[in-house]
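Coordinate inspection notes
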Amino acid sequence: MHESMTDGGSARVATASMSELEAQIRTCQLCKLSKTRTRAVPGEGDVHAEVMFIGEGPGFNEDKQGRPFVGQAGSFLNELLSIAGLDRQTAYITNVVKCRPPGNRDPEPEEITACAPYLERQMALINPRVIVTLGRFSMARFFPGEKISQIHGTARVVNGRMCVAMYHPAAGLHQASLADTIRADFRKLPVYVEQARIMFQPSAEEAEERVAASELAREEVIYEPQTAAVLDDAPEPEAKDVQEGEAAATPGNEDENEPPDEKDGDYGQLTFF
Ligand code: URA
């Protein structure tokens, strides 16, 4: 007999790691969708993703493969991700319900409720700065009472995350006139991501990862052959030439009236480090 959400099942979900959670979802029997599914579809992508996409529920192909958005709507989603400068490896993609509603009907309220603890746990584990809702059912979780036709492409802060309401990619397949609207909405996504970075401080762990990444990037700049040559050719400042009260000729200390050295432009990015 399966464990219900009220007798300890929900406690197990609330503390599960991502791999435990995926295993729980794959064997879940909390609603009738478990009786008709081929495979449950937990979700996939980077478990530390900055941006999490939430669709409606698996369709025919997703049910067969156990992976989200692998059919035609998935192909369009891939295009939309690339418009936003993202891909399936750096984002996380999941659905409101993890099993296919038969015949691709809308998920029912009891099915959404039964599956909700899984989505909550995924959000807690991934802790994305930005959540993108794809379609009405995930929109309802973050923008209750709103209409997708009125708020598509807009964002709102909900519980410390930037939530962006998007049309479901399938809407662009069924209604060709919407496809360009959806593309235009996805073009705004990098701006929302940047706003979220400014608004929400990184966790200590993330800050450490970013410092480590920037350290690697710095080393690449230093050891990149062209840059290294410039650095090696730089004349050693000779202490004896520097008269008392005279500034040493180090980058960034030049006479303000002098035209900038052409090379400075090429390596302006170094100032970032
Ligand atoms: N539509 C969805 O909402 N999710 C999928 O995974 C595939 C199609």
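Preceding block: the structure.
Keep in mind the model is a prediction, meaning the values are calculated, not measured. (Residues numbered from 1 in each chain as written. Predicted model: local features only at pLDDT ≥ 70, side-chain atom pairs only at ≥ 80, totals over all residues.)

**Structural notes on the overall build of the chain**
Under the convention used in this document: Elements are defined by DSSP. Helices are runs of H or I of four residues or more, strands are runs of E of two residues or more, and each kind is numbered from the N terminus. Exposed residues have 12 or fewer other C-beta atoms within 10 Å of their own C-beta, buried residues have 20 or more, and partly exposed residues fall in between, where C-beta atoms are placed from the backbone. Contact definition: two residues whose C-beta atoms, as placed from backbone geometry, lie within 7 Å.
Per the secondary structure count, the chain includes 14 helices and six strands. Counting every position in the chain, which comprises 273 residues, the buried fraction comes to 33%. A fraction of 70% describes how many contacts in the chain between residues 6 or more apart in sequence connect residues 24 or more apart.

**Section: the packing of helix α2 (residues 18–26) against helix α6 (residues 109–126)**
The criterion, for reference: Angles run from 0 to 180 degrees between N-to-C directions of axes, and those axes are lines fitted to C-alpha atoms, restricted for helices to the stretch in contact. The cut-offs work like this: below 35 degrees is roughly parallel, past 145 is roughly antiparallel, 65 to 115 is roughly perpendicular, and the gaps in between are oblique. Handedness of each helix crossing follows the sense of rotation of the near helix against the far helix: counterclockwise by less than a right angle gives left-handed, clockwise gives right-handed. The residue classification treats Ala, Val, Leu, Ile, Met, Phe, Trp, Tyr, Cys and Pro as nonpolar and Asp, Glu, Lys and Arg as charged. All others, Gly included, are polar.
Where α2 meets α6, the axes come as close as 11 Å, and the angle between the chain directions of the two elements is 165 degrees. Classified by the interaxial angle, the pair formed by α2 and α6 is roughly antiparallel. By crossing handedness, the relation of α2 to α6 is classed as left-handed. Contacts between α2 and α6 pair Met18, Leu21 and Ile25 from the former with Tyr118, Arg121, Gln122 and Leu125 from the latter. Tallied by class, residues from the contact of α2 with α6 come to five nonpolar, one polar and one charged.

**Notes on the sheet that holds strand β2 (residues 51–55)**
Note the following rule: Note: two strands are recorded as paired if DSSP finds a minimum of 2 bridges between them.
In spatial order, the strands read β1-β3-β2-β4-β6-β5; together these six strands make up an open sheet with mixed pairing. Because the sheet does not close on itself, it has two edges, and the strands there are β1 (44–45) and β5 (155–158). In this structure, β2 lies alongside strand β4 (residues 130–134), joined through four bridges in parallel fashion. Bridge pairing links phenylalanine 53 to valine 132 in β4. The sheet strands contacting helix α11 (residues 189–199) are β2, β4, β5 and β6 (161–166), and the helix crosses β6 at an angle near 165 degrees.

**Brief notes about the nonpolar core**
Defined as follows: Linking buried Ala, Val, Leu, Ile, Met, Phe, Trp, Tyr and Cys residues through C-beta atoms within 7 Å yields a set, and such a set is a nonpolar core.
Membership of the largest hydrophobic core comes to 55 residues, with the highest contact counts inside it found for Val130, Val132 and Val164. The element contributing the most residues to this core is α6, with six residues. Sequence-distant contacts of valine 164, defined by excluding residues within four places in its chain, comprise Val130, Val132, Ala155, Leu189 and Tyr192.

**Things to note about the site of the ligand**
Threshold: For each residue, a C-beta atom is positioned from the backbone; the residue is called near a molecule or strand if that atom sits within 6 Å of it.
Around the ligand sit Gly55, Glu56, Gly57, Pro58, Gly59, Glu62, Pro68, Phe69, Ala73 and Asn95, and those are all the residues in its vicinity. Its residues assigned to classes, the shell around the ligand shows four nonpolar, four polar and two charged.

**Focus: the pairing of strand β3 (residues 92–95)**
Across the two faces of β3 the burial is the same, with Tyr92 and Thr94 and Ile93 and Asn95 all buried. As defined by bridge partners, β1 adjoins β3 across two bridges and the pair is classed as antiparallel. Bridge assignment links glutamate 44 to a residue of β3, and that residue is isoleucine 93. Pairing of β2 with β3, which is carried by four bridges, proceeds in the parallel orientation. Residue pairing for β3: glycine 55 is matched across the bridge by asparagine 95.

Everything listed here is a matter of geometry and, on its own, says nothing about what the molecule does.
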